Each structure stands twice: as C-alpha cells, then as structure tokens.
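# Understanding the architecture of this molecule
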Amino acid sequence: MWSTRRWFQLLFYLLLLTVLVLSLLPIDQPNFSPNDKVNHLLAYAVLLVSGYLAHRHLGWVGLFVVLFGVLVEVLQGLTAYRMFSFADMVADSAGVALGCAGILVTKRIFKKTGWEH
C-alpha cells in the first residue's frame, strides 16, 4: 500500500508532466490576455504546494519549480510555434511565491492551534 506522501509524489510529477506538455503544445496564436498570467500564477502555485506535500522541503522545491518554469520558457523559445516570455517566468515565480506564502501561513496557523504533527 502506498503512503500518502508517495501519492503526493505521483501527483507532483504528473502535474509537472501536464504543465510541460500543455506548455509545448502548438497554439493558434499567442495569448497576451491578463488571464494567461493568472493561469501561470495559479499553475505554479499548485506545482509548489504539490511539490512541498511530496517532498517536505520548501526551499528546494521552490527552487526546482522556478527552474522548471525557466526551462519551459527556454524550450518554448526553441519551437517554431511558441515564444520565450520573460513575463511568463515572472508570473511563474510569483505563483511559487504565492504557494510558499500559503504554506508558511498554513503552518503558522496549525502551530498556533496545535494541529501540527
């Protein structure tokens, strides 16, 4: 039987693969809408939280997810149908920061209420 942590690891790696595939699929036209940046922010916040639940090391997971976002942008720049975007990397990094903040706030609340394990 798999532990909860093992399931979170599976989820994290499936989410990474999903983001990578969706980021490299051809699209009809570039999306410069504000929603695109919100999508990046939310996706990378979810990646950070799932990575933390999988590996329980906020610093290393945060660095890994930021570097993953940079790698995705570089790979997009190498395709003929996508483009490298510094703004997307900023949105990705902001999502990582949002996820980190959410985890730190949650840990503080759990500690104050005695729910930590």
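Scroll up a little and you will see the structure.
Residues numbered from 1 in each chain as written. Predicted model: local features only at pLDDT ≥ 70, side-chain atom pairs only at ≥ 80, totals over all residues. Heavy atoms only, no water.

## Digging into the nonpolar core
Filter applied, for reference: Among buried residues, the Ala, Val, Leu, Ile, Met, Phe, Trp, Tyr and Cys ones that are joined through side-chain atoms within 4.5 Å form a nonpolar core. When accessible area is computed with a 1.4 Å probe and restricted to protein chains, residues below 20% of their type maximum are described as buried, those above 50% as exposed, and intermediate ones as partly exposed. Strands are runs of DSSP state E lasting at least two residues, helices are runs of H or I lasting at least four, and both sets are numbered from the N terminus onward. Residue contacts are counted whenever heavy atoms from the two residues lie within 4.5 Å of one another.
Among the nonpolar cores identified, the biggest contains 16 residues, and Tyr44, Leu47, Leu48, Leu58, Val65, Phe68 and Val96 are the most heavily contacted of them. Residue assignment for this core shows that the elements contributing at least two residues are helix H1 (4-24), helix H2 (34-55), helix H3 (58-78) and helix H4 (86-113). Sequence-distant contacts of leucine 58, that is, excluding residues within four places in its chain, are made with Leu48, Tyr52, Cys100, Ile103 and Leu104.

## Digging into the packing of H1 against H3
This is how it is decided: Axes, fitted as lines to C-alpha atoms, cover a helix only where it is in contact. Angles between the N-to-C directions of the axes lie from 0 to 180 degrees. In these notes the angle categories are as follows: under 35 degrees is roughly parallel, over 145 is roughly antiparallel, 65 to 115 is roughly perpendicular, and the rest is oblique. By definition, any crossing whose near helix is turned counterclockwise from its far helix by less than a right angle is left-handed, and any crossing with a clockwise turn is right-handed. Any residue that is not Ala, Val, Leu, Ile, Met, Phe, Trp, Tyr, Cys, Pro, Asp, Glu, Lys or Arg is counted as polar, Gly included; the first ten are nonpolar and the last four charged.
Running from N to C, H1 and H3 cross one another at 25 degrees; their axes reach a closest spacing of 10 Å. With respect to H3, the element H1 is oriented roughly parallel. Two packed elements cross with a definite hand, and for H1 against H3 that hand is right-handed. Facing H1, whose interface residues are Phe12, Leu16, Val19, Leu20, Ser23 and Leu24, H3 presents Phe64, Val65, Phe68, Val72, Leu75 and Gln76. Of the residues in the contact of H1 with H3, the class split is 10 nonpolar, 2 polar and no charged.

## A closer look at the environment of glutamine 76
Take glutamine 76: it is sitting in helix H3. Spatially, the C-alpha atom of glutamine 76 lies 9.2 Å from that of leucine 25, the residues being 51 residues apart in sequence. Discounting chain neighbours no more than four positions away, the residues touching glutamine 76 are Ser23, Leu24, Arg82, Met83 and Phe84.

## Regarding the packing of aromatic side chains
So the rule is basically this: Put simply, two rings from Phe, Tyr or Trp (the six-membered ring, in Trp's case) pair if the centres are within 6.5 Å, and we call them stacked under 30 degrees between planes, edge-to-face over 60, tilted for the rest.
Taken as a whole and assessed by the stated rule, the structure comprises 4 aromatic pairs. Seen from their ring centres, tryptophan 2 and tryptophan 7 are 4.9 Å apart, and the 55 degrees between their planes marks the pair as tilted. Residue class for tryptophan 2 comes out partly exposed when judged on its relative accessible area of 44%. On the numbers, 6.4 Å between centres and 40 degrees between planes, the contact of tyrosine 44 with phenylalanine 68 is tilted.

## Overview of the pattern of salt bridges
Selection rule: Salt bridges are counted wherever a side-chain nitrogen of Lys or Arg sits within 4 Å of a carboxyl oxygen of Asp or Glu.
Following the criterion strictly, the structure yields 2 salt bridges and no others. Between lysine 37 and aspartate 36 there is a salt bridge, with the nearest N and O atoms lying 2.8 Å from each other. Assessed through its relative accessible area of 26%, lysine 37 is described here as partly exposed. By relative accessible area, which is 13% here, aspartate 36 ends up buried. One salt bridge in this structure joins aspartate 88 and lysine 37, with 2.5 Å as the shortest N-O distance. Within this pair, whereas aspartate 88 is found in helix H4, its partner lysine 37 is found in helix H2, the two being separated by 51 residues in sequence. For aspartate 88, a relative accessible area of 8% corresponds to the buried category. Where salt bridges share partners, they join Asp36, Lys37 and Asp88 into one cluster.

Functional significance is not addressed by these values, which are geometric in nature.
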